[in-house]
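If you want the building blocks of each chain, they are given just below.
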Amino acid sequence: MVNWIPYEGQADGWDKQLEALGGGFYQSHGWGEVRRVAGWQPLRLLAASSGQVVAAASVLSQRRAGIPVCWIPGGPVGPAVQFDAGFRSALGRLLGSRIFYCRMSVLRESQPEEKESLARAGWKRPAVGMSTGLTMLCSLTGEEAERLKRTSSNWRHNLKRSGHYGLRIERWNQPDPAELSALYREMEGLKSLPVQHSEAELAAMLSTLGERLVMFRCLDAEGKLLAVRAAGLLGETAWDLLAAAGANARKVYASHATLWALLDHCSRRGLLHYDLSGVDPIHNKGVYDFKQGTGARLVECLGEWEWASLPGMCLAFNWVLKRRGGA
């Protein structure tokens, strides 16, 4: 018998439980707090059986037209069989409502039995997804020379080229949110992208995540910021969190140099994996090829699932996503 209860402890306590269960960064306490800036309220639940914690969920909630809408980024954590009607009842009590919509994105490798468990528990695949459900996992084991051998010849060649331009690659210990935001706005303008992260969101990450965030930057010979790369850390894995490059970065292969410095740093810290946080081989092939060049392997995640307390809510939610250009 599993008993779901709200978590009311400290941030470190939550993250330790998460690490013990093999959870990911997007279920961490800090990430939930970061998302408050975008209007999400983090709710945290633990499932216990025979005195042992067996599952956890960090749920982000907003109200739309008075109805709670829930999003579980990168989770929940634990066996899929635990995320049944008992979990949803506990979540409804925490929300103070029996009427709500919930979507989750499980960022771990897909297993057939887990898909079956979720389907039996009443979850279903959404008609419109917000991601492809694919990621790439880069191994951080071995010395640098060994890790370089795992990269593609083209990626390795471009990394070598980056050394010809007097670039300075360094860990950015005290990032400036305004400078970081300006680089994002430059990149968005170049690629005709929507806003990836507002300055307020970037500032929240920098102030909230603390030692769980590690960032590297690339400066040109004159000291101008060309590119940044940052990862969120939890357990033995780093998750690709921020990536931005300006107009001159591509000419000098700044993204290759910056990512490699970050990968090398994570490896030297004893981390085992670097999750490149999603790929789209069809609609974003350039980024897909860049990430694949690191030697990372393609992983199909358990992905997105949804549930709603009333008929029609899933249809309405997916209709809104489609109009906004879902995946």
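In the block above lies the structure referred to throughout.
Treat the numbers as computed from the prediction; the structure is a model and nothing was measured. (Residues numbered from 1 in each chain as written. Predicted model: local features only at pLDDT ≥ 70, side-chain atom pairs only at ≥ 80, totals over all residues. Heavy atoms only, no water.)

**Notes on the overall build of the chain**
Counting its regular elements, the chain contains 11 helices and 12 strands. Across its three principal axes, the chain shows a C-alpha extent of roughly 60 × 40 × 35 Å. Buried positions account for 50% of the 327 residues belonging to the chain. When contacts within the chain are restricted to residue pairs at least 6 apart in sequence, those whose partners lie at least 24 apart make up 72%. (Helix = DSSP H or I, 4+ residues; strand = E, 2+ residues; numbered from the N terminus. Buried < 20%, exposed > 50% of the residue type's maximum accessible area, 1.4 Å probe, protein only. Contact = heavy atoms within 4.5 Å.)

**Section: helix α7 (residues 177–191)**
In this model, α7 (15 residues) spans 21 Å end to end at C-alpha, consistent with the 21 Å of a helix rising 1.5 Å per residue. A positive backbone phi angle near 55° is found at Ser192, which sits one or two residues after α7. (Expected span 1.5 Å × (residues − 1).)

**Focus on the side chain of Glu306**
In this fold, Glu306 is placed in strand β12 (residues 297–308). At 3.4 Å, the side chain of Glu306 forms a polar contact with the side chain of Arg103. At a separation of 3.1 Å, a polar atom in the side chain of Glu306 contacts the side chain of Asn318. Every residue in contact with Glu306, bar those within four places of it in the chain, is listed here: Tyr101, Cys102, Arg103, Gly122, Trp123, Lys124, Arg125, Pro126, Ala127, Cys314 and Asn318. (Polar contact = N/O pair within 3.5 Å; in protein donor to acceptor, adjacent residues only side chain to side chain.)

**Some points on the pairing of strand β9 (residues 225–234)**
Counting buried positions along β9 yields 10 of 10 residues, so the element is predominantly enclosed. In textbook terms, the turn of a hairpin is the stretch between consecutive antiparallel strands, and for strand β8 (residues 213–219) and β9 this stretch comprises five residues, one of which, Gly223, has a positive phi near 90°. Of the strand pairs in this sheet, β9 and strand β10 (residues 237–245) are connected by eight bridges, and their pairing is antiparallel. For Val228, the partnering residue across the bridge sits in β10 and is Ala244. Hairpin connection from β9 to β10: two residues lie between these consecutive antiparallel strands, with Gly235 at a positive phi of about 65°. (Pairing = 2+ DSSP bridges.)

**Let's talk about the environment of Glu113**
Relative to the assigned elements, Glu113 resides in helix α4 (residues 112–120). Looking at Glu113, the relative accessible area reads 46%, which means it is partly exposed. Each C-alpha atom of the pair Glu113 and Ala80 lies 8.8 Å from the other, and the pair is 33 residues apart in sequence.

**Some details on the environment of Val69**
As for its placement among the helices and strands, Val69 is situated in strand β4 (residues 67–72). Sequence separation between Val69 and Ala221 is 152 residues, and the spatial gap between their C-alpha atoms is 48 Å. Excluding anything up to four places from it in sequence, Val69 contacts Trp40, Leu60, Ser61, Gln62, Arg64, Tyr101 and Phe317.

**A short note on the sheet that holds strand β1 (residues 3–6)**
The strand order β1-β2-β3-β4-β5-β12-β6-β11-β10-β9-β8-β7 describes an open sheet built from 12 strands, whose pairing is mixed. Only two strands of the sheet have a single partner each, and these edge strands are β1 and β7 (168–171). Along the sheet, successive strands turn relative to each other by an average axial angle of 25°, direction set aside. The sheet contact formed by strand β5 (residues 101–109) and β12 spans seven bridges and is antiparallel. When the sheet's bridge partners are listed, Arg103 is paired in β12 with Glu306. Here α4 sits on the sheet and contacts β5 and β12; the angle it forms with β12, its principal contact strand, is near 10°. (Axes fitted to C-alpha atoms, helices over the stretch in contact; angles between N-to-C directions.)

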